[in-house]
Amino acid sequence: MGSWKVLLTDGLESNGQEILKKIAQVDDRPGISADELLTIIGDYDALIVRGRTKVTAAVFEAAGKLKVVGRAGIGVDNIDLNAAKERNVIVVNSPLATTVTVAELTLALMLAAVRDLARADRTMKEGKWLKKEFEGAELSGKTLGVIGMGRIGAAVVKRASAFDMQVLGYDPLIPADEIKARGAQPASLDELLKKADMITMHIPLTPDSKQILNADAFGKMKQGVYIICAARGGVIEEGALLDALNSGKVAGAALDVFAAEPPGLTELVGHPRVVCTPHIGAQTVEAQARAAEDISSEISRALQGETLRWRVA
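The notes below deal with the structure included here.

Here is what the cut-offs are and how they apply
- Every chain is numbered on its own, with residues counted from 1 as its sequence reads.
- Totals for whole chains, interfaces and linings use all residues, but because this is a predicted model, local features are given only for residues with pLDDT of at least 70 and pairs of side-chain atoms are given and counted only at 80 or more.
- Where side-chain values are given, they derive from all heavy atoms of the structure, hydrogens and water being excluded.
- Going along the chain from the N terminus, every DSSP run of H or I of four or more residues is numbered as a helix, and every run of E of two or more is numbered as a strand.
- Working rule for contacts: check all heavy atoms of both residues, and any pair within 4.5 Å makes them a contact.
- When a carboxyl oxygen of Asp or Glu is within 4 Å of a side-chain nitrogen of Lys or Arg, the pair counts as a salt bridge.
- Relative accessible area decides the class of each residue, using a 1.4 Å probe on protein chains only: under 20% of the type maximum gives buried, over 50% gives exposed, and in between gives partly exposed.
- In this analysis, strands are considered paired if DSSP registers two or more bridges between them.
- Lines are fitted to the C-alpha atoms to define the axes, a helix being fitted only along its stretch in contact, and any angle between axes, read from their N-to-C directions, falls within 0 to 180 degrees.

1. Thoughts on the environment of leucine 205
Point 1. Secondary-structure assignment places leucine 205 in the loop between strand E9 (198-201) and helix H10 (215-220).
Point 2. Sequence separation of leucine 205 and alanine 231 is 26 residues, and the distance between their C-alpha atoms is 8.2 Å.
Point 3. In contact with leucine 205, other than residues within four places in its own chain, are Lys210, Arg232, Gly233, Gly234 and Val235.

2. As for the pattern of salt bridges
Point 1. What the rule picks out here adds up to 16 salt bridges.
Point 2. A salt bridge links aspartate 216 to lysine 220, with the nearest nitrogen and oxygen atoms 3.4 Å apart. Of this pair, aspartate 216 and lysine 220 are both found in helix H10, four residues apart, which corresponds to roughly one turn of the helix.
Point 3. The class for aspartate 216 is exposed, based on a relative accessible area of 51%.
Point 4. A relative accessible area of 28% places lysine 220 in the partly exposed class.
Point 5. Sharing partners across several salt bridges, the network here consists of Asp116, Arg119 and Glu133.

3. Description of the sheet that holds strand E2 (residues 24-28)
Point 1. Spatially, E2-E1-E3-E4-E5 is the arrangement adopted by the five strands of the open sheet, whose pairing is parallel. Edge positions in the open sheet fall to E2 and strand E5 (90-93), since each of these has one partner strand only. Strand-to-strand twist across the sheet, computed as the mean angle between neighbouring axes with direction ignored, equals 20°.
Point 2. Packed on one face of the sheet, helix H1 (residues 14-21) meets strand E1 (4-8), E2 and strand E3 (46-49) and runs near 145° to E2.

Without other data, these values stay purely geometric and don't point to any function.
If you want it as structure tokens, here you go:
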């Protein structure tokens, strides 16, 4: 074990911890408060978080020894990247670990939305047999619009193709020929909004993507469209989605992420045509084990000055 110290604030599977323990002292403090983090972070060379812990500018300011922050997962919107750069702290993530898991959840959410599975299950448990109320829709033959054609978006396209769906792909950062190679027909955002029967989001939350699905976007969509989101809360304007659901423009939605988490029992969460899950996109045994291994290996590389695979900042 080396002289480095690594702090875990949101837990990490044992396979990842074992990698870290070969070179460092590992302190596992799941659920640590923001105030307590500020008081102890100065003792650590590395910090590994998931989505709960907010690595703010104040954290970086208090972290005199900190060399690297790792996100066990993809999204780094809970880490102040500008503050990291100012303090010369490396930020890494594990972008490959959850690709399959999130893609599979996306298809599950899609099926749940079009077949009203949550309400069917709930009413059965209430002792009711409402068979005639559950006339859903098929995925086969429908046009799926995929906003974000990165690893997860491409994995969704592959699985949607197995359902005989036609797929439109929009991603301003990926060339049209690459979108085609990933199995989708390249489309502008406006074209996708107008033609898609179902729209799924696979983009990070950035200033450019914030509320990309807003009232104007909903106005361009087909009547009876379905909205699926297992990306990041904030890419959909939730008030506009609620209005679209109430007007019938949106036939149903399935959401794993929310602008504020946990959202509580909001009107959107409680809407009868919305399927909700509590940000479980990465929550499988397999994905968590992969994320732990990947981020621990990357932190180890960073501490030892080796080449990094997934540096974010």
